[in-house]
Amino acid sequence: MSYKRKTWISGEIITDEALNNIENGIESLERSIPTHVSQLTNDQKFVSENNLKQKLNFVTYEDFGAVGDGVTDDGPAIFNAHTYANENKLPVCANGSKTYFISKVSKIPIKTNTNWNGAHFIIDEDYEPTAAVFDIPRGTPEINLTDQLKDIITINKSVKNISLLAGYGNCLVDIRNSNKKQFIRKGGNQNNGVDQTDVFCIDNEGNVLNDIQWDFENVTRVRLYPILQEMLVIENGNFTSIENTANIDTGSYNKRNLNCTRSNVIIRNCSHKNIENEEDLGSPSNGFFYFWGCSNITLENCIVHPRKTRYYSESSGKAGVARGSYEIRTDNSVNIVIRDCRCSDFDSTRWGCHTSNFTKDVLAENCKFNRLDAHQGVYNFTARDCTLIYKGFLLIGGGQLLIENCKVFGNRFLELREDYGSTWNGTITIRNSKHIPSCNRDSVRFIQYKNLCDWDFGYDCHICNQLTIENYLLDDSGVDYSKNSNSIPIIANYSTRNTNTDFKYYFPTSINLTFDSFILNIVFGNVKFNAR
């Protein structure tokens, strides 16, 4: 067999293809390099400063003492390996046959490309429950311009360029107004709201690259997060969390996760599941894949395991109220792609796969989840070729909502969340999608909303400004019509029970419907069709 000479380039990751093309006889070690990464011995995998590191250019956990037996705490070794790799700008390559237990360590810094090669990681959630296990840091310090700009900067929906922010390079901008509260939640988890917030990207000339969602009367905080342009790739890891045993009533959200504040990151071919405790303990998760203050994030071909729904106890005063827990969470971020991801369990006793707060320009593509959520607003959201089982889309926000070629196996296709005012201030387009409910007729909803006009959410509420439905198919073969044989409403009107004029709820100014075979009866605020 003949081989081609291989010159290793700084930062290059060893692959099967590269190994299989090494020339026989270059050096004794290179002659003995096997044909698969998992077959490398520890000596072959680690290249020292003076000898082979310059040829192989990657770091392993075993070089720093990791055992990989699933019992020994390999956390310190993994921490040291990544620290060394970051300082020397080297990628990290794990042994795919190993299982690494991580207990007494937090915030393992990942700043270089990392290929876990299918290795497994077991994570103890009870150690430092508010600190991430893996941390993907921003890499550049934030720029706080609050003192210079808070009284002079103008932020509103029509702004396309902010000259006061020019000269700082490509940045994610976080603007806030502490004098105005929004997303004042109603219901069992009600709160006093949060500061008016908007996030968007700018270039070096101060051009605004994402739509601005709000008009600001005042600006009390201005922060810029410079964006590293090089793409960081993290891949091929399998994670299992041993669920925490915190008190469900008092425990804060568990953050033993993979936390990312860096922009331009791809995470792919990873999985996460939980080993649940036998008792009804455990605070909810902040999200295992958690992104905050980021731009240009892709989560691809990943598998998540929704957590069991936990409820406040009788003694809490909030008995029966669930504490939501999600596997994927994006906050204060823009330009997010979640592609080819799925969950491993669609049991109705489990909570959701994904949620977001203050997030813009999100694409979910070819995903199979139990539900897709947005809490404190998503702006511009596209779901394409997705399948949702058990629950559908539970969203609030604004901008353009496009649901295309999707299937929902649940009672409600789209629910505008009641706890935040059932609002979408923008357009809703649902195209070429199928709804397959299995319940009694009265529980079926295509678009569910409920706003009694008796609560100040901190903003005007809209069901949407324009609704377009093209080729929506309701498969009602699983619907029980025994108690009600009437047609199923597309938009069920739940907003006429309160005459309080202080709070208004706006209906669409236009409704566009395209169907091949349905008989339509359109009434303001209530669109019905004969589904049988």
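Residues numbered from 1 in each chain as written. Predicted model: local features only at pLDDT ≥ 70, side-chain atom pairs only at ≥ 80, totals over all residues. Heavy atoms only, no water.

S.K.: Mind laying out the sheet that holds strand β8 (residues 171–182), listing which residues take part and the relevant values?
M.R.: Read across the sheet, four strands follow the order β7-β10-β8-β9 without closing on themselves; strand pairing throughout is antiparallel. Only two strands of the sheet have a single neighbouring strand rather than two, namely β7 (143–144) and β9 (194–202). Pairing between β7 and strand β10 (residues 221–226): two bridges, direction antiparallel. Paired with Ile143 across the bridge in β10 is Leu224. (Pairing = 2+ DSSP bridges. Helix = DSSP H or I, 4+ residues; strand = E, 2+ residues; numbered from the N terminus.)

S.K.: Go over the packing of aromatic side chains, please, and point to the residues and values.
M.R.: In this structure the tally under the stated criterion is 26 aromatic pairs. Ring plane angle 70° and centroid distance 5.5 Å describe the contact between Trp116 and Phe121, whose orientation is recorded as edge-to-face. The class of Trp116 is buried, set by a relative accessible area of 0%. On the basis of relative accessible area, Phe121 is assigned to the buried category, the value being 1%. Taken together, the ring pairs connect Tyr61, Tyr100, Trp116, Phe121, Phe134, Phe239, Phe288 and Phe289 into an aromatic cluster. Of note, Lys360 hangs over the ring of Tyr379, and the distance from its end group to the ring centre comes to 5.9 Å. The ring of Trp351 has Arg371 sitting right over it, with the charged end atom 4.8 Å from the ring centre. (Phe/Tyr/Trp six-rings, centres within 6.5 Å; stacked < 30°, edge-to-face > 60°. Buried < 20%, exposed > 50% of the residue type's maximum accessible area, 1.4 Å probe, protein only. Lys NZ or Arg CZ within 6 Å of the ring centre and 35° of its normal.)

S.K.: Which residues make up helix α5 (residues 75–88), and what values do they have?
M.R.: Taking 1.5 Å per residue, 14 residues should reach 20 Å; α5 reaches 20 Å between its end C-alpha atoms and fits that length. Taken together, the buried positions of α5 are occupied by Gly75, Ala77, Ile78, Ala81, His82, Tyr84, Ala85 and Asn86. After α5 finishes, the residue Lys89 shows a positive phi value of roughly 55°. (Expected span 1.5 Å × (residues − 1).)

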